[in-house]
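Residue strings, one per chain:
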Amino acid sequence: QLSHKPAPKLVATYTLRVEELQVTVLRKKIKKLYLRVARSGSHVEVRAPEHVSDAYIEQVVRKWIDWIRTKLQQETLRRPPPRYESGEEIRLLGRSYRLKITHRPAQKPAVELQNSSLILYLDPAGSTATHREAVLYAFYRQQLEITIQPLINFWQTRTGLLAREWRLKRMKTRWGTCNPKAGRIWLSVELAKASPACIEYVILHEIAHLYEPSHNHRFRDFMSHYMPDWRERRQLLNRHDRTGRAADDAFKE
């Protein structure tokens with residue numbers, strides 16, 4: 001005769017906010033605490049025993065927050081990649097544009113903004129999705145360099161923290177990284193899709209790591225001192241996935 005244990009009785013369900021994360025807490029008659037990221041990348045869930053406090057749950061979430069953010073980003077990136085075809089939505093510096101492909105035989109690729117359209121001028125020969133993506137990302141780099149340099153200059157002067165160099169590269173799971181020992185900052189080319197306010201947040205975030213490498217209270221106090229609304233900017237940034245589409249409400253960094 002087959003038998004099975006009944007599912008743990010649900011005691012309570014509610015939402016707990018930890019930094020930008022909306023954590024769904026399920027109180028159950030269980031002995032251990034379990035933390036999971038939804039396969040869809042839509043939310044974080046904690047199944048917790050009745051006796052543990054919200055403060056302890058928050059402590060656990062903070063301990064694993066970098067892992068959580070990475071998992072949320074990875075799950076969202078499972079969505080089908082764009083084909084970069086006419087009619088697709090393209091984001092640039094926080095604005096949405098409709099992609100338009102225009103063929104110009106035997107001429108160099110070019111990108112042009114016209115009202116609400118982003119036009120890619122391409123030679124039809126060899127115009128694959130990979131080629132169209134490469135042309136668009138070269139344009140992204142160009143636009144980011146124009147946007148980023150004055151912001152870096154401003155925040156280095158304001159904070160007195162100087163990076164030896166900053167560079168752009170495509171990153172799948174991060175908006176930026178900082179090597180405090182080398183004094184080097186890397187920023188994701190994906191930031192070209194974000195608004196200038198969000199780009200500015202990421203720049204200050206990475207500069208802050210020259211002062212404090214971790215995300216502890218010293219880091220948070222630094223951010224709050226120089227940019228009081230940094231949490232709101234981070235939340236706005238993370239409401240868009242790396243393809244530029246709006247993401248689920250409880251999302252990542």
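Residues numbered from 1 in each chain as written. Predicted model: local features only at pLDDT ≥ 70, side-chain atom pairs only at ≥ 80, totals over all residues. Heavy atoms only, no water.

**Things to note about the overall build of the chain**
The helix and strand tally for the chain stands at 6 helices and 11 strands. For the chain, the proportion of its 253 residues judged to be buried stands at 43%. Contacts in the chain between residues at least 24 apart in sequence constitute 47% of all its contacts with a sequence separation of at least 6. As displayed, the chain offers around 13900 Å² of accessible surface, 51% of which is attributable to carbon and sulfur atoms. (Helix = DSSP H or I, 4+ residues; strand = E, 2+ residues; numbered from the N terminus. Buried < 20%, exposed > 50% of the residue type's maximum accessible area, 1.4 Å probe, protein only. Contact = heavy atoms within 4.5 Å. Areas by Shrake-Rupley, 256 points an atom, 1.4 Å probe, with all protein chains shown as cover.)

**A closer look at the side chain of Lys 193**
Here Lys 193 is to be found in the loop between β11 (184-188) and α4 (196-208). For Lys 193, a relative accessible area of 9% corresponds to the buried category. There is a polar contact of 2.7 Å between the side chain of Lys 193 and the side chain of Glu 190. (Polar contact = N/O pair within 3.5 Å; in protein donor to acceptor, adjacent residues only side chain to side chain.)

**Observations regarding the layout of surface pockets**
In this model, the second largest pocket occupies a volume close to 290 Å³. As for the second largest pocket, its lining consists of 17 residues, of which Asp 66, Arg 174, Gly 176, His 205 and His 215 are closest to the centre. Every element with two or more residues in the lining of the second largest pocket is listed here: α2 (65-76), β10 (176-179) and α4. Here the lining of the second largest pocket takes 4 residues from α2, the largest share from any one element. (1 Å grid on protein atoms, 1.4 Å probe; cavity = no way out; pocket = protein on both sides within 12 Å on 5 of 7 lines; lining within 4 Å. Points joined across faces, edges and corners; volume = space filled by probe spheres on them.)

**Section: the pairing of strand β5 (residues 89-92)**
Examined bridge by bridge, β5 and strand β6 (residues 95-103) share 4 bridges and lie antiparallel to one another. Across the sheet, residue Arg 91 finds its bridge partner in β6, namely Ser 96. Count of turn residues in the β5/β6 antiparallel hairpin: 2 residues, of which Leu 93 carries a positive phi of about 50 degrees. (Pairing = 2+ DSSP bridges.)

**Details of unusual backbone geometry**
With phi around 55 degrees, Tyr 84 is a residue other than glycine that occupies positive phi space. Along the polypeptide, Tyr 84 turns up in the loop between α2 and β5. Positive phi is not limited to glycine here, since Asn 115 has a value of about 55 degrees. Relative to the helices and strands, Asn 115 resides in the loop between β7 (110-114) and β8 (117-122).

**So, the nonpolar core**
Ranked by size, the top nonpolar core spans 45 residues in total, and within it Leu 187 and Leu 191 carry the most contacts. The set of elements that each furnish at least two residues to this core consists of β5, β6, β8, α3 (129-159), β11, α4, α5 (217-226) and α6 (230-237). Ignoring any residue separated from it by four or fewer positions in sequence, one finds Leu 187 in contact with Ile 148, Ile 152, Trp 166, Arg 167, Leu 168, Lys 169, Met 171, Trp 175, Gly 176, Val 202, Ile 203 and Glu 206. Core analysis: the second largest hydrophobic core is formed by 15 residues, Leu 21, Ile 57, Val 61 and Leu 72 among them. (Core = buried A, V, L, I, M, F, W, Y, C linked by side-chain atoms within 4.5 Å.)

**Here we look at the pairing of β7**
Side chains on a regular strand alternate between the two faces of the sheet. Strand direction decides the pairing type here: β7 and β8, joined by 5 bridges, are antiparallel. When the bridges of β8 are listed, Glu 112 appears paired with Ile 119.

**Overview of the packing of aromatic side chains**
Aromatic rings considered in pairs are described by the distance between their centres and by the relative angle of their planes. For the coordinates displayed, the defined rule picks out 7 aromatic pairs. With a centroid separation of 6.5 Å and an interplanar angle of 10 degrees, the aromatic rings of Tyr 201 and Trp 230 are classed as stacked. Here Tyr 201, found in helix α4, pairs with Trp 230, found in helix α6; they are 29 residues apart in sequence, far enough to count as distant. For Tyr 201, a relative accessible area of 0% puts it in the buried group. Assessed through its relative accessible area of 1%, Trp 230 is described here as buried. Ring centres 6.4 Å apart and planes at 80 degrees place the aromatic pair Phe 219 and Trp 230 in the edge-to-face group. You can see Phe 219 sitting in helix α5 and its partner Trp 230 sitting in helix α6, a full 11 residues away along the chain. An identical accessibility class is assigned to Phe 219 and Trp 230; each is buried. What links up through ring pairs into an aromatic cluster is the set Tyr 201, Phe 219 and Trp 230. Here the basic side chain of Lys 169 rests over the ring of Trp 186, its NZ or CZ set 4.6 Å away from the ring centre. A cation sits over an aromatic face here: Arg 170 above Tyr 137, 3.6 Å from the ring centre. (Phe/Tyr/Trp six-rings, centres within 6.5 Å; stacked < 30°, edge-to-face > 60°. Lys NZ or Arg CZ within 6 Å of the ring centre and 35° of its normal.)

**Remarks on the sheet that holds β7**
Within the open sheet, the 4 strands sit side by side as β5-β6-β8-β7. Their pairing is mixed. Because the sheet does not close on itself, it has two edges, and the strands there are β5 and β7. Sheet twist, expressed as the average angle between the axes of neighbouring strands with direction ignored, equals 35 degrees. (Axes fitted to C-alpha atoms, helices over the stretch in contact; angles between N-to-C directions.)

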